Amino acid sequence: MRERFNRVLEDVINQHQELNERIDGFFHKDLLEKLNRISSYVGGLPQRRKLSSRRDDPDWFQGINERIQTKEEALRARAQSRMRNYLRDARNQTRGDPAALQVHARLLNAFGALQDMLRRDDYQGHLFDRKELESLCDEEGTFACQGRFDLEECSYGEGHVINPYDNRESLLLFQNWNLDHGIERSRTVVPGLVAAIVKGGRRNVNMEYFYALLFTTENLRLVHTVCHEKGHHRRGLDPDEIYL
Ligand SMILES: [Zn+2]
Ligand SMILES: [Zn+2]
């Protein structure tokens, strides 16, 4: 029964992620409905957040790489993999871009610099690690939705709270929470970086600025899917920050 439920949960989440970028129609609403029902079911499951090691809570670690022995490490790896994906997507996005081709070598350097900064900051793993001071959760591992990018806060209260340290299902649901870029990554930041290099001449591009926009909480908010605005955010780069 539980296995079946988890498969359904996985299905719904996958479908939802696929649809995320594309539509808002009827289908999507139906999926959100399912997601809501799943969330309330998961909310009622046993909370094993006090446990951390694979030995103490083996169920939580099902399907997770054997090398990972604590929940903190596992969540850390989740944050890091999101960052790796952002970098990979940014690189891929510039591949077909004719403007990027003209400045190919300088763009490669820029991506190299971003990667170095990510290494310096351990790929922002602290964001999901409850042992870290700079984590987005509290010391028990509870994350609260930070609200739509253009609002002060989330108005859904307890409805938009999750603790992926509790059980496997919560961890699964947590995948569906987004790190939303206030200044949009693919619409604004990446094209902005290419443009900065193209128009830069002898000026040095402020890579720390672009790094902050792509990978740090200066521009990222953790949001429940309902608080993730998929339309244009219409926020531009700060022209004073682009060059050193
Ligand atoms: Zn919310
Ligand atoms: Zn967004």
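It should be emphasised that the depicted structure is a prediction, and the values quoted were computed from it without experimental measurement.

Coordination of the zinc ion (ligand 2) by the protein involves D180 (OD) and H233 (NE2), with metal-donor separations of 2.1 to 2.7 Å. Of the two residues, D180 is situated in strand β3 (residues 178-181) and H233 in the segment after β4 (220-223); the sequence distance between them amounts to 53 residues. No difference in accessibility class separates D180 from H233, as the two residues are buried.

Formed by 65 residues in total, the largest nonpolar core has its most connected members in M83, L114, F128, F210 and F215. Those residues in contact with F215 that sit more than four places away from it in its chain are M83, Y86, L87, L114, L118, Q124 and L220.

Time to look at the coordination of the zinc ion (ligand 1). Only C145 (SG), C154 (SG), H160 (ND1) and C227 (SG) from the protein reach the zinc ion (ligand 1) as donors, at distances of 2.1 to 2.4 Å. One can describe the donor arrangement at the zinc ion (ligand 1) as tetrahedral, given that its four donor atoms subtend angles of 96 to 124° at the metal. Looking at C145, the relative accessible area reads 9%, which means it is buried.

Time to look at the layout of surface pockets. Think of a ball as big as a water molecule: rolled over the atoms, this probe shows where empty space is left. Counted as a void, the second largest pocket has a volume near 350 Å³. Looking at the second largest pocket, it is lined by 21 residues, and the ones nearest its centre are S39, G43, V161, I162 and N163. Mapped by element, the contributors of at least two residues to the lining of the second largest pocket are α2 (26-43), β2 (161-162) and α6 (168-174). At five residues, α2 tops the list of elements feeding residues into the lining of the second largest pocket.

Pairs can form between side chains of opposite charge once their charged atoms are near each other. Scanning the entire structure with this criterion turns up 19 salt bridges. For R76, the salt bridge goes to E132, with nearest N and O atoms at 2.9 Å. Of the two residues, R76 sits in helix α3 (residues 71-95) while E132 sits in the loop between α5 (104-120) and β1 (143-144), which places them 56 residues apart along the sequence. Residue R185 pairs with D89 through a salt bridge whose shortest N-O separation is 3.6 Å. Of this pair, R185 sits in helix α7 (residues 185-200) while D89 is found in helix α3, placing the two residues 96 residues apart along the sequence. When its relative accessible area of 29% is taken as the criterion, D89 is described as partly exposed. Linked by salt bridges that have partners in common, R48, D57, D59, K71 and R168 make up one network.

Moving on: the UniProt feature "domain: DNA fragmentation factor 40 C-terminal" (unreviewed entry) in the protein. The feature "domain: DNA fragmentation factor 40 C-terminal" (unreviewed entry), as given by UniProt, occupies residues 34-243 in the numbering adopted here. Each end of residues 34-243 is marked by a C-alpha atom, and these two atoms are 47 Å apart; helix forms 42% of the span and strand 6%.

Quick look at the pairing of β3 now. The two faces of β3 match: N178 and D180 on one face and L179 and H181 on the other face are all buried. With four bridges connecting them, β3 and β4 associate as antiparallel partners. Within the sheet, the bridge partner assigned to N178 lies in β4 and is V223.

Think of an α-helix as turning once every 3.6 residues; residues three or four places apart then point the same way. The element helix α8 (residues 207-215) is largely enclosed, with a buried count of eight among its nine residues. Buried within α8 are the following residues: M207, Y209, F210, Y211, A212, L213, L214 and F215.

Further remarks concern α5. In a regular helix each residue adds 1.5 Å, so 17 residues correspond to 24 Å; α5 covers 24 Å between its end C-alpha atoms and thus fits that length. Packed against the buried residues of α5 are α3, α4 (98-102), α7 and α8. Trailing α5 by a residue or two, D122 shows a phi angle of about 50°, which is positive.

Rules used throughout
Along each chain, residues carry numbers from 1 onward, in the same order as the chain's sequence is written. A letter from A marks each chain and a number from 1 marks each ligand, given out in the order of writing. For a predicted model such as this one, the threshold for reporting local features is a pLDDT of at least 70, and the threshold for listing and counting side-chain atom pairs is 80 or more; totals across whole chains, interfaces and linings nevertheless cover every residue. Remark: hydrogens and water are excluded; side-chain values derive from all non-hydrogen atoms of the structure. Water is not among the atoms examined, so metal sites may look incomplete; donors are the N, O and S atoms within 2.8 Å of the metal, or within 3.2 Å for Na, K and Ca. Under the scheme used here, helices are H or I runs from DSSP no shorter than 4 residues and strands are E runs no shorter than 2 residues, and both carry numbers assigned from the N terminus. Relative accessibility thresholds used throughout: buried, under 20% of the residue-type maximum; exposed, over 50%; partly exposed, between the two (1.4 Å probe, protein chains only). Residue types Ala, Val, Leu, Ile, Met, Phe, Trp, Tyr and Cys, when buried and joined through side-chain atoms within 4.5 Å, form a set referred to as a nonpolar core. We call two residues in contact when some of their heavy atoms are within 4.5 Å. The rule is simple: four donors are tetrahedral if all their angles sit between 85 and 135 degrees, four are square planar and six octahedral if opposite donors span more than 155 degrees and the others lie between 65 and 115, and anything that fits none of that is irregular. Cavity and pocket criteria rest on a 1 Å grid covering protein atoms alone: a 1.4 Å probe that fits but cannot get out defines a cavity, protein on both sides within 12 Å along at least 5 of 7 lines defines an open pocket, and an atom within 4 Å of a point defines a lining residue. Grid points are joined across faces, edges and corners, and a volume is the space filled by probe spheres set on the points. Salt bridges are defined as contacts in which a side-chain nitrogen from Lys or Arg sits within 4 Å of a carboxyl oxygen from Asp or Glu. UniProt positions are given in the numbering used here, feature names are shortened, and annotations may be inferred rather than shown by experiment. For two strands to count as paired, DSSP must find a minimum of two bridges between them. Given the number of residues in a helix, its expected span is that number minus one, multiplied by 1.5 Å.

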